[in-house]
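What follows is each chain in one-letter form.
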Amino acid sequence: MPERNVEFGKYGARGLKGHEAVARRLDALAGFVATAVTVRRGLLARLHYLTRSDHARAAARDAGLTVTDRTLKAWLDGRRSPSAKNLDRIEAAYRTVRRRNVGRYLLARLHREGRGTRVEFHPLNQSQVPRPRQRVIEYRTLNVRHWDRIVQAWVEDDDEALDDAWVNDVVVDLGSQWGEYEYVTNVGFAA
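Residues numbered from 1 in each chain as written. Predicted model: local features only at pLDDT ≥ 70, side-chain atom pairs only at ≥ 80, totals over all residues. Heavy atoms only, no water.

Of the two faces of strand S2 (residues 117–122), only the one carrying Thr 117, Val 119 and Phe 121 is buried; Arg 118, Glu 120 and His 122 on the other face are not. Judged from the five bridges that link them, S2 and strand S3 (residues 140–144) form a sheet pairing that is antiparallel. Within the sheet, the bridge partner assigned to Phe 121 lies in S3 and is Arg 140. Direction of pairing for S2 relative to strand S5 (residues 186–188): antiparallel, over a ladder of three bridges. Each bridged residue has a counterpart across the sheet, and for Glu 120 the counterpart in S5 is Gly 188. (Buried < 20%, exposed > 50% of the residue type's maximum accessible area, 1.4 Å probe, protein only. Helix = DSSP H or I, 4+ residues; strand = E, 2+ residues; numbered from the N terminus. Pairing = 2+ DSSP bridges.)

Take a look at the structure:
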């Protein structure tokens, strides 16, 4: 769509791209481990998730966690601690594997047997925009029935595909106001 915002925030509006808000919401629904990977409890939770079965270990290797079984055992037993680089790899592998595992379940939950999910668009924060430049942007809701491309892009962690799916499959259904909701403060839905 050629009308996409190029100079967002020029006059002080604050918010984020809609697809980023959706990704955050899907992350919240996925239920990632809340404890940081730098804390022993968070590290163990991620390692147990990535090593609980042969299938999980293969998925972790595919996601970039390529350490020996001996090293994994030493980490789990507490005899050694992973380096900062390996902590980043563990976190990335955990998020990738968790997204793959939760994706299909989340898709069914959002589709709700064809009924879809009600999505709330929270407009931009314009409190810092000078009065003459503020626009009236209202709170909107929309029922989204097609989540396939959105969830697939989220599972693959593909920002460009997620943006394309969000704008072309969802935001465009807002009619002539779609450009006002390309950037939002939040996107809410309960699935």
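From this point on, the discussion continues.
Take the packing of aromatic side chains next. Per the counting criterion, the structure on display carries five aromatic pairs. For the ring pair Phe 121 and Tyr 181, a centre distance of 5.9 Å and an interplane angle of 70° mean the geometry is edge-to-face. Within this pair, whereas Phe 121 is found in strand S2, its partner Tyr 181 is found in the loop between helix H7 (159–169) and strand S4 (183–184), the two being separated by 60 residues in sequence. With respect to class, Phe 121 is no different from Tyr 181; both count as buried. For the pair Trp 147 and Phe 189, a centre-to-centre distance of 5.1 Å together with 55° between the ring planes defines the contact as tilted. Here Phe 189 lies in the segment after S5 and Trp 147 lies in the loop between S3 and helix H6 (148–155), a separation of 42 residues in the sequence. Comparing Trp 147 with Phe 189, the two get one shared label, buried. Taken together, the aromatic side chains of Phe 32, Tyr 49 and Tyr 94 make up a single cluster linked through ring pairs. Between Arg 52 and the ring centre of Tyr 49, over which it is positioned, the NZ or CZ distance is 4.4 Å. (Phe/Tyr/Trp six-rings, centres within 6.5 Å; stacked < 30°, edge-to-face > 60°. Lys NZ or Arg CZ within 6 Å of the ring centre and 35° of its normal.)

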